[in-house]
There are 2 protein chains.
Amino acid sequence: MSQLVPVIEKLQQILPGRLVLDPEVLETYARDETIDLCALPACVVRARSAQDVAAVLKICNEYGVAVTPRGAGTGVTGGAVAVAGGIVLSMEQMNRILEIDEHNLIAVVEPGAITADIQKAALRHRLLYPPDPASLDTCSIGGNVAENAGGPRAVKYGITGHYVTGLEFALADGSIITSGGKYVKNATGYNICGILTGSEGTLAVVTKIYLRLVPAPPNSIDVLMPFVDLGAAVAAVSALLHSGIVPATIEFMEQDAITFVAAHLGQDMPCADAGAHLLLQVEGASQQACHETLEAIAAACAIEEDSIFVAQTAAQQERLWKGRRSIREALRAESPIFLAEDCVVPRGEIAAFLAGLKEYLQTLALRSVMFGHAGDGNVHINVFKDSLPAEQWQAMLSDLKREIYRRAIEHGGTITGEHGIGCIRRDYLAMAKSPEEIALYRRIKQAFDPRGILNPGKIF
Amino acid sequence: MSQLVPVIEKLQQILPGRLVLDPEVLETYARDETIDLCALPACVVRARSAQDVAAVLKICNEYGVAVTPRGAGTGVTGGAVAVAGGIVLSMEQMNRILEIDEHNLIAVVEPGAITADIQKAALRHRLLYPPDPASLDTCSIGGNVAENAGGPRAVKYGITGHYVTGLEFALADGSIITSGGKYVKNATGYNICGILTGSEGTLAVVTKIYLRLVPAPPNSIDVLMPFVDLGAAVAAVSALLHSGIVPATIEFMEQDAITFVAAHLGQDMPCADAGAHLLLQVEGASQQACHETLEAIAAACAIEEDSIFVAQTAAQQERLWKGRRSIREALRAESPIFLAEDCVVPRGEIAAFLAGLKEYLQTLALRSVMFGHAGDGNVHINVFKDSLPAEQWQAMLSDLKREIYRRAIEHGGTITGEHGIGCIRRDYLAMAKSPEEIALYRRIKQAFDPRGILNPGKIF
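Residues numbered from 1 in each chain as written. Chains lettered and ligands numbered in written order. Predicted model: local features only at pLDDT ≥ 70, side-chain atom pairs only at ≥ 80, totals over all residues. Heavy atoms only, no water.

(A) Spotlight on the overall build of chain A. On a plain count of helices and strands, chain A comes out with 16 helices and 18 strands. Dimensions of chain A, computed from the C-alpha atoms along their principal axes, are close to 70 × 60 × 45 Å. Within chain A, buried positions represent 62% of all 460 residues. Considering only contacts in chain A between residues 6 or more positions apart, those separated by 24 or more positions represent 72%. Working note: accessible area of chain A is about 16200 Å², and carbon and sulfur atoms make up 50% of it. Counting 39 positive and 52 negative side-chain charges, chain A places the centres of these two groups 7 Å from one another. (Helix = DSSP H or I, 4+ residues; strand = E, 2+ residues; numbered from the N terminus. Buried < 20%, exposed > 50% of the residue type's maximum accessible area, 1.4 Å probe, protein only. Contact = heavy atoms within 4.5 Å. Areas by Shrake-Rupley, 256 points an atom, 1.4 Å probe, with all protein chains shown as cover. Lys, Arg positive; Asp, Glu negative; His and termini not counted. Charge placed at Lys NZ, Arg CZ, Asp CG, Glu CD.)

Written out as structure tokens, the structure reads:
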């Protein structure tokens, strides 16, 4: 802490106008979307360029002061919260979409750019940036890279890491490196973009991102398919994939998720009386092609076509997706405190994993709601605190998490699919990773950030 | 070298029957497919298990003896050649396809398994392992992981790294780690699979691989489209991608490539009189859907449908792809020594890059043949030695490579898209990578392999 004073003084000299020291404003940097986590930073620097970032890192590295990089603060594992003190390095002002290169099918963006804005800019050129985390309207692409964010479209299109073709980044010592660029294949040296993507801000601070774009599908339709229960829905997904059809999304929702969302948004949701739902986006060269694929899907899943709700208009499509993306918010309205896990299991294991888990939670008299990405095994498990006294909830939380993770691992999966370890799962990493692998992480960390100033307290 | 004797003695005790010391047999491990490169190893160990691999590494690490991991020896940059001496660690006997897990859409394989065998095994379950390097009938999946191999289908499906969901590997110190598994999304710790894929055997030795499979497209057709010249072909690719259609492959070939292949295979190739060709694979739910897409492609590319050669039968399809995959062999038949580069440039830059390069090579009176992956900017540049005296060829080679790389980088690309750096491009890495990035590679290498025993002389 004593080192902070000279660091702040130096930063004020070098980067006038970029520092936030006003306690009221600092307060807005104390949290991300992680439930029940808060740490007030001593100082925030709002960088405007890679050079700003490098300057901050160089000084902090010299004095051994912790730096927590921060995008839009929409993460849910505390990645952007300065739990070890020190400085928050905000990328919010580096938010430009520098280029949509239609000729080369590449977007070049700053880390603070909002994911949905990049998608909209690409769409104006009939190009698609596929990754679509639920927070896409508010999250920043730098955070997506830091967490290797996924989203519903991952089943067909993959996750953030599959689209990063190049990164400009600053190391802890202030050196700026560009690895990769506007080319989509690369066997030149180590895959630095690969290791940085998903490293949760612990290895480097990304200052520019090159993203591969794909041709936008000319047409798509969104459909909601009702099922008796989750088991039936998951069986349908398996039949669907084995029929050779890959929709852009295969999301599942328990009935409660739909009910809560309908209440929260104050609007009816279709098929509200089904035990579980699948939300599919079907793409095609024409509307007719989409509908033909939908017929094939209904046949593969052995579901009556007229039980399927087809969103016919943009407004209906928006209502479906707004519903899906509002689940977290709706859950929060139902019970402000809840445990939110995003385990991943092999795709065929979802039903067995969740059925067992539901049963276990019922024995504890805990209400839970499950939804997520049926197409890729990534499930969102939400357990309500409800009216449990805070003390009792806190006391049981660690065992509860441990049991959820144990079951995911037992089913051949792991503890987080897209939200990351951050600080909230750090103590559980050893359940999923061997001591040898964690020791390797430490040596990799050392290779990038020998003084350990970058986002300390995260991952391990 | 003096350390080799005790190491070989120890290995003979611990791994009886696994060692090759017979000079005649050793000779078969002295080369891969790299032109004009040979280094006889002192000893080859044919591992049968991860434990064998770990034992070899542990002993070699203790004595500081170099280990060159080797798959099927089909690489083209010397990755499997023991240029720094020491031991070759052959994975050829660890070639089992352990499981095609239809339920979870995952293949579990040993590194010595042949890529085409994995594809065939998956297809029996109507599943597809997409990456398809030209050598797929003979190359091993471990080598594909080491080089992050691509292939024609990369334009739609991506490269090897996009399919690796888990790796079991041995570090230089003999510890065995499994990172990842049968799940397709993962935000648990650093992306170790990402950094190992494409690391050319310099960081660890992979002993088991988990691969994501996708539903096999129910139908596909292969077509050859003739164009006046390469410029016209590349313009068609751009128009095609912007129309929203992504074929599984978009390969281009210069006329000479087709001519040489026809001569080499002793069979006619279709559209032999065109200046350049595109070889497309179009996938669809039915044959009719494929043909409808083909109509849309013809319209987007403004090409007469009846000038397109459509492979109607499996034999015709095989003839087209056999032709494409035999180009390298055919070139070798034309001129046993030739320079083979696989630069990558932004997709829109291919035509300009190759036109300029062709012109430059003509001023040197050198014959060249270009082909490759028009859909992703990865071009295979082949320059014949022809009857040039060996000395003169050798003397000009370095400048020639430097000029090709310089031009690729000038066009916003890099020096290798899928073949890797190996030993043959090591001296040119600094053209593409900053000193800061190469220094970072060295620190990463140190984190995995502190004594530097793994595949020395490769990459940097």
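Now that the structure is up, let's keep going.
(B) Structural detail: the packing of helix H8 (residues 230–242) of chain A against helix H10 (residues 287–301) of chain A. Residue and element names in this part refer to chain A. Direction vectors running N to C along H8 and H10 enclose 120°, while the axes themselves pass 8 Å from each other. Accordingly, the angle class assigned to the pair H8 and H10 is oblique. In the crossing of H8 with H10, the sense of the turn from one axis to the other is right-handed. Contacts between H8 and H10 involve Ala 236, Ala 239 and Leu 240 on the former and, on the latter, Ile 297, Ala 300 and Cys 301. Split into classes, the residues belonging to the contact of H8 with H10 amount to six nonpolar, no polar and no charged. (Axes fitted to C-alpha atoms, helices over the stretch in contact; angles between N-to-C directions. Parallel < 35°, antiparallel > 145°, perpendicular 65-115°, else oblique. Left-handed = near helix turned anticlockwise from the far one by under 90°. Nonpolar A, V, L, I, M, F, W, Y, C, P; charged D, E, K, R; others polar.)

(C) Local environment of the confidence of the model for chain A. When the pLDDT values of chain A are averaged, the result is 95; 100% of them are 70 or greater. Complex prediction metrics read pTM 0.97 and ipTM 0.96. (pLDDT = per-residue confidence, 0-100.)

(D) Spatial organisation of the sheet that holds strand E18 (residues 378–384) of chain A. Residue and element names in this part refer to chain A. Across the sheet, seven strands lie side by side as E15-E12-E14-E13-E17-E18-E16; this open sheet has antiparallel pairing. The sheet is open, and its two edges are formed by strand E15 (309–311) and strand E16 (338–341), each paired on a single side. Neighbour-to-neighbour, the strand axes of the sheet open up by a mean angle of 15°, direction not taken into account. Of the strand pairs in this sheet, strand E12 (residues 219–227) and E15 are connected by three bridges, and their pairing is antiparallel. Bridging from a neighbouring strand, Asp 222 pairs with Ala 311 of E15. Each of E12, strand E14 (276–284) and E15 touches H10; the most contacted strand, E12, lies at about 25° to it. (Pairing = 2+ DSSP bridges.)

(E) Geometry of the relation of the copies chain B and chain A. Mapping chain B onto chain A calls for a rotation angle of 180° and an axial translation of 0.0 Å; the resulting RMSD is 0.0 Å. The symmetry that links the two subunits is that of a two-fold axis. Mapped onto chain A, 100% of the interface residues of chain B are again interface residues, and the two copies thus contact each other with one and the same surface. (Least-squares fit on C-alpha atoms with pLDDT ≥ 70 in both.)

(F) Quick look at helix H9 (residues 255–265) of chain A. Listed as buried for H9 of chain A are Ala 257, Ile 258, Phe 260, Val 261 and Ala 262 of chain A. One or two positions beyond H9 of chain A, positive phi appears at Gly 266 of chain A, with a value near 65°.

(G) Structural view of the state of the cysteines. The full count for this structure, using the stated rule, is zero disulfides over all chains. With no disulfide of its own, Cys 38 of chain B has Cys 423 of chain B as its nearest cysteine by sulfur position, at a separation of 11 Å. Residue class for Cys 38 of chain B comes out partly exposed when judged on its relative accessible area of 45%. With no disulfide of its own, Cys 193 of chain B has Cys 193 of chain A as its nearest cysteine by sulfur position, at a separation of 17 Å. Cys 193 of chain B sits in the buried class, given a relative accessible area of 10%. (Disulfide = S-S within 2.5 Å.)

(H) Broad picture of the nonpolar core. Counting residues in hydrophobic clusters, the biggest one holds 190 residues, and the most contacted among them are Leu 278 of chain A together with Leu 278 of chain B. Those residues in contact with Leu 278 of chain B that lie beyond four places of it in its chain are Val 223, Leu 224, Met 225, Phe 227, Ala 233, Ala 236, Val 237, Ile 250, Glu 251, Phe 252 and Ala 374 of chain B. (Core = buried A, V, L, I, M, F, W, Y, C linked by side-chain atoms within 4.5 Å.)

(I) Structural detail: the interface of chain B and chain A. Of the residues lining the interface, 83 residues belong to chain B; the matching set on chain A comes to 83 residues. Taken together, the two surfaces of chain B and chain A that pack against each other cover about 6300 Å², and 59% of this comes from carbon and sulfur. Run the count over chain B and chain A and you get four salt bridges. Here Lys 185 of chain B ties to Asp 376 of chain A by a salt bridge, and the two come within 3.4 Å at their closest N and O atoms. (Buried area = accessible area lost by both parts, 1.4 Å probe. Salt bridge = Lys/Arg side-chain N within 4 Å of Asp/Glu carboxyl O.)

(J) How the structure looks around unusual backbone geometry. All names here are of chain A. The phi angle at Ala 365 is positive, at roughly 60°, despite the residue not being glycine. Here Ala 365 is to be found in the loop between helix H13 (350–363) and strand E17 (368–373). Phi angles above zero are rare outside glycine, and Ile 459 is one such case at about 70°. Assignment of secondary structure puts Ile 459 in the segment after helix H16 (435–448). Using a relative accessible area of 0% as the deciding quantity, one classes Ile 459 as buried.

(K) Spatial organisation of the sheet that holds strand E14 (residues 276–284) of chain B. Residue and element names in this part refer to chain B. Pairing in this open sheet of seven strands is antiparallel, and the strands run E15-E12-E14-E13-E17-E18-E16 from one edge to the other. Each edge of the sheet is formed by a strand with only one pairing partner; in this case those strands are strand E15 (309–311) and strand E16 (338–341). Looking at each pair of strands side by side, their axes are set apart by 15° on average, direction ignored. Relative to strand E17 (residues 368–373), strand E13 (residues 249–254) is paired through three bridges, and the arrangement is antiparallel. Bridging from a neighbouring strand, Phe 252 pairs with Gly 372 of E17. Strands strand E12 (219–227), E13, E14, E17 and strand E18 (378–384) of the sheet are contacted by helix H9 (residues 255–265), whose axis makes an angle of about 85° with E13.

(L) Here's a closer look at the packing of aromatic side chains. In total, this model carries 14 aromatic pairs over all chains according to the counting rule given. On the numbers, 5.4 Å between centres and 70° between planes, the contact of Tyr 405 of chain B with Tyr 428 of chain B is edge-to-face. Of this pair, Tyr 405 of chain B sits in helix H14 (residues 390–410) while Tyr 428 of chain B sits in the loop between H14 and helix H15 (429–432), and the two are 23 residues apart along the sequence. Of the two residues, Tyr 405 of chain B and Tyr 428 of chain B, both sit in the buried class. Pairwise contacts between aromatic rings join Tyr 190 of chain A together with Tyr 441 and Phe 460 of chain B into one cluster. (Phe/Tyr/Trp six-rings, centres within 6.5 Å; stacked < 30°, edge-to-face > 60°.)

(M) The pattern of salt bridges, seen in detail. All names here are of chain A. Counted by the stated rule, this structure contains 42 salt bridges over all chains. The salt bridge involving Glu 33 is made with Arg 332; its shortest N-O contact spans 3.7 Å. In this pair, Glu 33 is assigned in the loop between helix H2 (23–27) and strand E2 (43–46) and Arg 332 in helix H12 (residues 327–334), connecting sequence segments 299 residues apart. Exposure remark for Arg 332: the relative accessible area of 32% places this residue in the partly exposed category. Salt bridges linked by common partners bring Glu 403, Arg 406, Arg 407 and Glu 410 together as one network.

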